[in-house]
Amino acid sequence: MIFISEAEIASLLTWEGTLKATEAALKAASNGTSAKTQRLYTQILNTPKWMITMPGYLEDSKYGGWACKTLTGNPQNVNGPTLNANIMLFDERSGALKTVLSGTEITNWRTAAASAVATKYLHSRVSNPEKVLSIFGCGEIGRAHAHCFYNSFEFIEIRLWNRTLQKAQKLASELNEKYNTTKFRVFENKEACARDADVIITATSPGKVPLIKYEWLKEGVHINATGVVGSSLSDKTFELDREIYKHSEVYVDNWPGANAELGELTGFGANMKAEVGEVILGKIAGPDGKQISVFQSLGMASEDCAMARLIYDLYMKKQQKNTH
Ligand SMILES: NC(=O)C1=CN([C@@H]2O[C@H](COP(=O)(O)OP(=O)(O)OC[C@H]3O[C@@H](n4cnc5c(N)ncnc54)[C@H](OP(=O)(O)O)[C@@H]3O)[C@@H](O)[C@H]2O)C=CC1
Ligand SMILES: O=C([O-])C1=[NH+]CCC1
């Protein structure tokens, strides 16, 4: 059995590969080539700490795999990341465990890639010049989105907001330096950060008060809301206010997950429109550009299957090269 560490994975991850693998998984959710198994939440009693078990299967010659991810999460972590993930990849013929992959960075990258794929298909105007992107939350998922969207699109400005301001400042400096740019700007005020934005990403552990208000939003804005809304968390909250859902077309990554975990949104008056994969496949037309579109990202086991297979194949290739 092989263990592929975070360090190995970091040397193998590319945005191009991650975007392709994630798009394959989003498509598969809508054409019947991935398993529709529910994920399971297990909470440590009387705490906000959870474990999610995500078994999945994806049929695909390049990105197919049979895997199970376990993630533990503690939204109150102060000195460490909220999430810790590991992925077990199984041999499809024998059922034997083939590989365990550290899954935290894979989760960060594929979550950002899912938002980028959703943005590409739901907000085709993203390729127009002069677009502004606003990212709320500069933790691990927010950071991955900043890199992914910088590398995938041509925004003129990328705004960063974080509850703890210094974290946004640190990330902005890192990104401006790495990419030799001044596009990354820190906003202290949420409303100013959201106003006039063409694309918004929310990547926080949702608090008691929603982060973003409807009255701040530009016509036709596209929002990728990624903050977790677990099915068994008793005090479930959302990053967007109810008015946003009431006036939006909401897209999801998979209906079985949305039916289990996003039931409240229908109660808020949301038009639960389609899976992103249905738009990719041309089964359903995407937004007309006037309405607000929300990709309410849950994350899918099949995305992890695709990523585990991608990384496993790259790792094996590298090992073979090193032994010759
Ligand atoms: N959709 C998907 O596929 C996935 C979603 N997620 C979800 O993404 C979210 C971010 O995870 P991750 O980046 O790993 O976590 P991190 O711990 O790295 O970051 C958490 C972020 O949330 C912010 N935050 C926490 N509480 C509040 C609050 N009450 N109001 C505003 N901001 C708050 C933190 O701000 P501060 O710096 O001030 O503490 C920080 O920016 C989580 O909800 C996670 O469950 C994760 C993986 C996949
Ligand atoms: O898909 C995923 O890995 C997760 N979704 C919410 C928290 C983690």
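Because the structure is a prediction, the values reported are computed rather than measured.

The rules behind each value
Residues numbered from 1 in each chain as written. Chains lettered and ligands numbered in written order. Predicted model: local features only at pLDDT ≥ 70, side-chain atom pairs only at ≥ 80, totals over all residues. Heavy atoms only, no water. Near = heavy atom within 4 Å. Polar contact = N/O pair within 3.5 Å; in protein donor to acceptor, adjacent residues only side chain to side chain. Areas by Shrake-Rupley, 256 points an atom, 1.4 Å probe, with all protein chains shown as cover. Helix = DSSP H or I, 4+ residues; strand = E, 2+ residues; numbered from the N terminus. Pairing = 2+ DSSP bridges. Axes fitted to C-alpha atoms, helices over the stretch in contact; angles between N-to-C directions. Contact = heavy atoms within 4.5 Å. Parallel < 35°, antiparallel > 145°, perpendicular 65-115°, else oblique. Left-handed = near helix turned anticlockwise from the far one by under 90°.

Enquirer: Requested: an account of the site of ligand 1, with residues and values cited.
Expert: Taken together, 25 residues lie near ligand 1, and Thr82, Ile141, Asn162, Thr164 and Lys167 sit nearest. Side-chain polar atom of Asn162 to an oxygen atom of ligand 1: 2.6 Å apart, as the coordinates give it. Summarising the interface, the protein chains cover 88% of the accessible area of ligand 1, which totals 940 Å² for the free molecule. Only α3 (104–122) and α4 (140–152) provide two or more residues apiece to the shell around ligand 1.

Enquirer: Give a description of the sheet that holds strand β2 (residues 40–43) that names residues and reports values.
Expert: Taken in spatial order, the six strands line up as β1-β6-β5-β4-β3-β2 in an open sheet, and their pairing is mixed. Of all strands in the sheet, those bounded by a partner on one side alone are β1 (2–4) and β2. Neighbour-to-neighbour, the strand axes of the sheet open up by a mean angle of 15°, direction not taken into account. Here strand β4 (residues 65–73) pairs with strand β5 (residues 83–90) via eight bridges, running antiparallel. Directly across from Cys68, in β5, lies its bridge partner Met88. Sitting on the sheet, α3 is in contact with β3 (50–58), β4, β5 and β6 (97–102), with an inclination near 95° to β5. Sheet contacts for helix α11 (residues 301–323): β1, β3, β4, β5 and β6; angle to β3, the most-contacted strand, approximately 70°.

Enquirer: Quick rundown of the packing of α3 against α11? Include the residues and the values.
Expert: For the pair α3 and α11, the least separation of the axes is 10 Å and the interaxial angle reads 120°. With respect to α11, the element α3 is oriented oblique. When the axes of α3 and α11 are compared, the crossing they make is right-handed. On α11, the residues touching Ile106, Thr107, Arg110 and Ala114 of α3 are Glu303, Asp304, Met307 and Ile311.

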